[in-house]
Amino acid sequence: MPVPLQITLKDMPQSEAVESRIREKAEKLNRFHERIISCRVVVESPQRHQHQGKLYSVHIDLSVPGAELVANRAQDEDVYVAIRDAFGAITRQLEDFTRRQRGDVKTHTAPDA
């Protein structure tokens, strides 16, 4: 089932190549969780004067039954590297959430007093 995806590009021109890369990365998330409710991706290029090049920031909100996962730390001068890093972070979060949901993660019991 395709991931319900919403892509927003702020402070930068529309780019079919960037949107295509985001769609590719979002489709791969289905391997880790089959019931993704929504995926919102915001790519922006905030204007900062202290840095020589443009920094691209990628923010991902991923909704699955029982949780909302967020990755918003990916910043890089290359928009594709920022997208890769953000999707790497959200993939790790999704894998961890799926493991906890299935019960694969051991939990520590409180010592008896």
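Refer to the structure above for everything that follows.
Residues numbered from 1 in each chain as written. Predicted model: local features only at pLDDT ≥ 70, side-chain atom pairs only at ≥ 80, totals over all residues. Heavy atoms only, no water.

Undergrad: What's the story with the nonpolar core in this structure? I'm lost.
TA: When a protein is soluble and globular, its nonpolar side chains tend to lie buried together. Counting 27 residues, the largest nonpolar core has Val41, Val43, Val58, Ile60, Leu62, Phe87 and Ile90 as its most contacted members. Those elements that provide at least two residues to this core are helix 1 (16–28), strand 2 (38–44), strand 3 (56–64), strand 4 (67–76) and helix 2 (79–102). Of all the elements, helix 2 adds the most residues to this core, at 8 residues. Leave out the neighbours within four places in its chain, and Ile90 touches Leu29, Ile60, Leu62, Leu69, Val70 and Ala71. (Core = buried A, V, L, I, M, F, W, Y, C linked by side-chain atoms within 4.5 Å. Buried < 20%, exposed > 50% of the residue type's maximum accessible area, 1.4 Å probe, protein only. Helix = DSSP H or I, 4+ residues; strand = E, 2+ residues; numbered from the N terminus. Contact = heavy atoms within 4.5 Å.)

Undergrad: What am I meant to see in the pairing of strand 4 here?
TA: Regular strands place their side chains on alternate faces of the sheet. Of the strand pairs in this sheet, strand 3 and strand 4 are connected by 8 bridges, and their pairing is antiparallel. Looking across to strand 4, one finds that Leu62 is bridged to Leu69. Between strand 3 and strand 4, which pair antiparallel and follow one another directly, the connecting turn spans 2 residues, one of which, Gly66, has a positive phi of 100°. (Pairing = 2+ DSSP bridges.)

Undergrad: What am I meant to see in the sheet that holds strand 4 here?
TA: The strands that make up a sheet are held in pairs by hydrogen bonds between backbone atoms, and each pair lies either parallel or antiparallel. If you walk across this open sheet you meet the 4 strands as 1-2-3-4, and the pairing is mixed. Edge positions in the sheet fall to strand 1 (5–10) and strand 4, since each of these pairs with one other strand and no more. On average, each strand axis in the sheet is inclined to that of its neighbour by 10°, with strand direction left out of account. Examined bridge by bridge, strand 2 and strand 3 share 7 bridges and lie antiparallel to one another. Bridge pairing links Ser38 to Ser63 in strand 3. Those strands touched by helix 1 are strand 1 and strand 2, and its axis lies near 145° from that of strand 1. Set on the sheet, helix 2 makes contact with strand 2, strand 3 and strand 4; between it and strand 4 the angle comes to about 150°. (Axes fitted to C-alpha atoms, helices over the stretch in contact; angles between N-to-C directions.)

Undergrad: Just to check I follow, could you spell out helix 1 for this structure?
TA: A turn of α-helix holds 3.6 residues, and therefore any two residues three or four places apart point the same way. If you check helix 1, its first and last C-alpha atoms are 19 Å apart, about what 13 residues at 1.5 Å a residue would give, namely 18 Å. Burial in helix 1 covers these residues: Val18, Glu19, Ile22 and Ala26. Around the axis of helix 1, the buried residues are gathered within 95° of arc, so they sit on the same side. Those residues of helix 1 that are buried lie in contact with strand 1, strand 2 and helix 2. (Expected span 1.5 Å × (residues − 1). Arc of directions from axis to C-beta.)

Undergrad: Just to check I follow, could you spell out the environment of Ile7 for this structure?
TA: Looking at the element boundaries, Ile7 is found in strand 1. Among the residues examined, Ile7 registers a relative accessible area of 22% and is labelled partly exposed. In the structure, Ile7 is positioned 16 residues away from Arg23 in sequence and 8.8 Å away in space, judged by C-alpha atoms. Setting aside anything within four residues of it in sequence, one finds Ile7 in contact with Glu19, Ile22, Arg23 and Val41.

Undergrad: It is not clear to me how the pattern of salt bridges should be interpreted in this structure. Could you clarify?
TA: Oppositely charged side chains can pair when the atoms bearing their charge come close. With the rule as written, the count across this model stands at 5 salt bridges. For the salt bridge of Glu68 with Arg40, the shortest nitrogen-to-oxygen distance reads 2.9 Å. Remark: Arg40 occurs in strand 2 and Glu68 occurs in strand 4; sequence separation between them is 28 residues. Between Asp85 and Arg84 there is a salt bridge, with its nearest N and O atoms 3.1 Å apart. Relative accessible area serves as the criterion here: at 46%, Arg84 is assigned to the partly exposed category. In the salt-bridge network here, residues are joined through shared partners; they are Glu16, Glu19 and Arg23. (Salt bridge = Lys/Arg side-chain N within 4 Å of Asp/Glu carboxyl O.)

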